[in-house]
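Residue-level structural notes
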Amino acid sequence: MGGSAKMCQTVYEEGDKVELKNGKTATVVEVLANGKMYVADIDLDDDFETEFVAPEEIKKKLS
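1. A few points about the pairing of strand S2 (residues 25-32)
Relative to S2, strand S1 (residues 17-20) runs antiparallel, the two being bridged by three bridges. Along S2, the bridge assignment pairs Val 18 with Ala 26. With six bridges joining them, S2 and strand S3 (residues 37-43) adopt antiparallel strand pairing. In the strand pairing of S3, Glu 30 is matched with Val 39. Hairpin connection between S2 and S3: a loop of four residues separates the two successive antiparallel strands, and Ala 33 in this loop has a positive phi of roughly 50°.

Next comes the structure, spelled out in structure tokens:
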């Protein structure tokens, strides 16, 4: 039984709409390092901003 007690992390896919823990919504545009980091378009009022997003910043998948 030499496995680690690591939690299973959800890996999001390109195109997934997610809710961030800060209350904003975003669309994943690129998955980096097998889900250890994402590039996402964060929704603003009438625009978006592209940023790196860590998995721990994502609250849940919306679609």
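So, next bit.
2. What about unusual backbone geometry?
Positioned with a positive phi, Ala 33 is a non-glycine residue whose angle comes to about 50°. By the secondary structure assignment, Ala 33 is in the loop between S2 and S3. Residue Ala 33 is classed as exposed on the basis of its relative accessible area of 53%.

Calculation criteria
- Residues numbered from 1 in each chain as written.
- Predicted model: local features only at pLDDT ≥ 70, side-chain atom pairs only at ≥ 80, totals over all residues.
- Heavy atoms only, no water.
- Pairing = 2+ DSSP bridges.
- Helix = DSSP H or I, 4+ residues; strand = E, 2+ residues; numbered from the N terminus.
- Buried < 20%, exposed > 50% of the residue type's maximum accessible area, 1.4 Å probe, protein only.

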